[in-house]
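Below are the chains, spelled out letter by letter.
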Amino acid sequence: EPQGRQPGEWGAFGAHHDEGRITRCTDPDPTWALLAQRSIDRYAEIEEQSGVQFFSEVGHLAVGPAGAPSLVARAANAAAQGVPHELLDAAALRERYPYLSFPAGAAGVWEPRRSGHISARRLVAAQISAAQRCVRPGVAFERVDESAVAVEEAAAKAAAGTDQATGEAEGEAPAPSYRVLLRDGRELRAARVLLCCGAFTNGPSKLVPAPMRLSNFTTQTVHFSLGDGDAARLEGMPSVIAKFPTWWAYLLPPIRYPDGRTVLKLGGARVEDASAPAARLDAADRTPGRGGTRPLPEPSD
């Protein structure tokens, strides 16, 4: 994360400069849910290796119209994958979360364990610290604070007896097969390159051989700075994702930020109601940006 520069000078340096990101074991997509569980399984190990605590197990609440396909699928996947959860009707939601208000007919899936939120900033710090602490004879770690502008496959033939799929030979380190070109002109060699670029995977840097089928959208979040009274009133609040026909939102519980503020973070957008008559979806409603999100035609935007 850049230090000592104005926000306008930062450029695209990452998406981890935040203290509140929702983490959960349930999802309407079983593959997404399983991958999330495998990631969450590593939290304790990374915290122990690094000495950096980044996970807050406050639980997670998913809310939507009772009987909504996404809510039903989420609960079914949780049951099939052995994730502890509880189904809550509208009355239970009001009783358990009196500080939250949902539309009539809402229902929820409550996930009490191995869910809540992480500090993305501290997770990155923990991963770097864990990597540094893993250095031993034969294992090196170097942190390079420079932008990568291209990743290219190195022209090198596999040595005899080397696994063609992995480039590894028994008892030997993988042979470098990629070149990572840095903005300052330096070049790194690596057997494997893991790209974690999110919205910038397709550019502006040339990091993948061909553009992937990704659609980038803008969105927004609002940070509410809370006083001590409101922070105390919301103590015990879980992370929340709510999806309804014309809007969706996510909400983080009060979190202490590095600048000393206690912040409640809200994100979301309006969406077109798929059940609405076509006549209601006029040209103005289809204009990019009217639904709270807008598509980005190019990564450079």
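(A) Here's a closer look at the overall build of the protein chain. Along the backbone of the protein chain there are six helices and 16 strands. Taken over 301 residues, the protein chain has a buried fraction of 31%. Carbon and sulfur atoms provide 53% of the accessible area of the protein chain, an area that totals close to 18600 Å².

(B) Region of the structure containing helix H1 (residues 30-41). A rise of 1.5 Å per residue sets the reference length of H1, with its twelve residues, at 16 Å; its end C-alpha atoms lie 16 Å apart and thus fit the reference within 8%. Turning to H1, its buried residues are Ala33, Ala36, Gln37 and Ile40. For H1, the angular spread of the buried residues around the axis is 100°, confining them to a single face. The distance from a side-chain oxygen at the start of H1 to the backbone nitrogen of Thr31 is 2.9 Å, and the residue carrying that oxygen is Asp29.

(C) Looking closely at the packing of helix H2 (residues 43-50) against helix H5 (residues 120-133). Where H2 meets H5, the closest approach of the two axes is 8 Å, and the angle between their N-to-C directions is 60°. With respect to H5, the axis of H2 lies oblique. For the crossing formed where H2 meets H5, the hand is left-handed. Across the interface between the two elements, Ile46, Gln49 and Ser50 of H2 pack against Ala126, Gln127, Ser129, Ala130 and Arg133 of H5.

(D) Geometry of unusual backbone geometry. For the bond running from Gly203 to Pro204, omega is 10°, close enough to zero to count as cis. Considering the arrangement of structural elements, one finds Pro204 in the loop between strand E9 (187-190) and strand E10 (216-218). Residues other than glycine seldom take positive phi values, yet Arg114 does so here, at roughly 55°. Secondary-structure assignment places Arg114 in the loop between strand E5 (106-111) and strand E6 (116-118).

(E) Expanded view of the sheet that holds strand E7 (residues 148-153). Sheet architecture is open: three strands sit in the order E7-E8-E9, paired in antiparallel fashion. For this open sheet the edge positions go to E7 and E9, each flanked by a neighbour on one side alone. Taking the axes of each pair of neighbouring strands and ignoring which way they run, one obtains an average angle of 20° across the sheet.

(F) How the structure looks around the packing of aromatic side chains. In total, this model carries six aromatic pairs according to the counting rule given. Three or more aromatic residues link up through ring pairs in this structure, and these residues are Tyr43, Phe54 and Phe55. A cation over an aromatic ring shows up here: Arg261 above the ring of Tyr257, its NZ or CZ 5.9 Å from the ring centre.

(G) Molecular detail of the nonpolar core. One finds Leu61, Val63, Leu93 and Tyr97 to be the most contacted residues of the largest nonpolar core, which totals 16 residues. At the level of elements, strand E3 (60-65), E5 and strand E12 (239-244) are the ones that each hand at least two residues to this core. Not counting the four nearest positions on each side in its chain, Val63 is found in contact with Leu71, Leu93, Phe102, Ala106, Ala107, Gly108, Ile241, Ala242, Lys243 and Phe244. Counting eleven residues, the second largest nonpolar core, distinct from the first, contains Cys25, Val83, Leu123 and Ala126.

(H) Representation of the sheet that holds strand E2 (residues 55-56) in the model. Spatially, three strands are ordered E1-E6-E2 in an open sheet, and the strand pairing comes out antiparallel. The sheet terminates laterally at strand E1 (21-23) and E2, the two strands that pair on one side only. Bridge analysis of E1 against E6 gives three bridges, and the strand direction is antiparallel. Following the sheet pairing, Arg21 is matched in E6 by Ile118.

(I) Layout of H5. In a regular helix each residue adds 1.5 Å, so 14 residues correspond to 20 Å; H5 covers 20 Å between its end C-alpha atoms and thus fits that length. Within the span of H5, buried status applies to Ala120, Leu123, Ala126, Ile128, Ser129 and Ala130. Elements in contact with the buried residues of H5: E1, H2 and E6.

(J) Fine view of the pattern of salt bridges. Taken as a whole, this structure holds 15 salt bridges when the rule is applied. Residue Arg96 pairs with Glu86 through a salt bridge whose shortest N-O separation is 3.0 Å. A residue pair is termed long-range when its members are at least 10 positions apart, and Arg96 in helix H4 (residues 90-96) and Glu86 in strand E4 (residues 86-88) qualify at ten residues. Residue Glu187 is joined to Arg189 by a salt bridge in which the shortest nitrogen-to-oxygen separation is 2.9 Å. A single salt-bridge network, built from bridges that share partners, covers Glu152, Arg179, Glu187 and Arg189.

(K) Local environment of the confidence of the model for the protein chain. Per-residue pLDDT for the protein chain averages 83, and the proportion of residues at 70 or more is 78%. Taken as a whole, residues 276-301 scores under 50 in pLDDT and shows 36 contacts with residues more than four places along the chain or in a different chain.

(L) Quick peek at the side chain of Ser239. For Ser239, the position within the fold is in strand E12. Overall, the relative accessible area of 0% leaves Ser239 in the buried class. Apart from residues no more than four positions distant in its own chain, Ser239 is found in contact with Ile22, Val58, Gly59, His60, Leu61, Gly116, Leu251, Leu252 and Pro253.

Conventions adopted
Residues numbered from 1 in each chain as written. Predicted model: local features only at pLDDT ≥ 70, side-chain atom pairs only at ≥ 80, totals over all residues. Heavy atoms only, no water. Helix = DSSP H or I, 4+ residues; strand = E, 2+ residues; numbered from the N terminus. Buried < 20%, exposed > 50% of the residue type's maximum accessible area, 1.4 Å probe, protein only. Areas by Shrake-Rupley, 256 points an atom, 1.4 Å probe, with all protein chains shown as cover. Expected span 1.5 Å × (residues − 1). Arc of directions from axis to C-beta. Polar contact = N/O pair within 3.5 Å; in protein donor to acceptor, adjacent residues only side chain to side chain. Axes fitted to C-alpha atoms, helices over the stretch in contact; angles between N-to-C directions. Parallel < 35°, antiparallel > 145°, perpendicular 65-115°, else oblique. Left-handed = near helix turned anticlockwise from the far one by under 90°. Contact = heavy atoms within 4.5 Å. Pairing = 2+ DSSP bridges. Phe/Tyr/Trp six-rings, centres within 6.5 Å; stacked < 30°, edge-to-face > 60°. Lys NZ or Arg CZ within 6 Å of the ring centre and 35° of its normal. Core = buried A, V, L, I, M, F, W, Y, C linked by side-chain atoms within 4.5 Å. Salt bridge = Lys/Arg side-chain N within 4 Å of Asp/Glu carboxyl O. pLDDT = per-residue confidence, 0-100.

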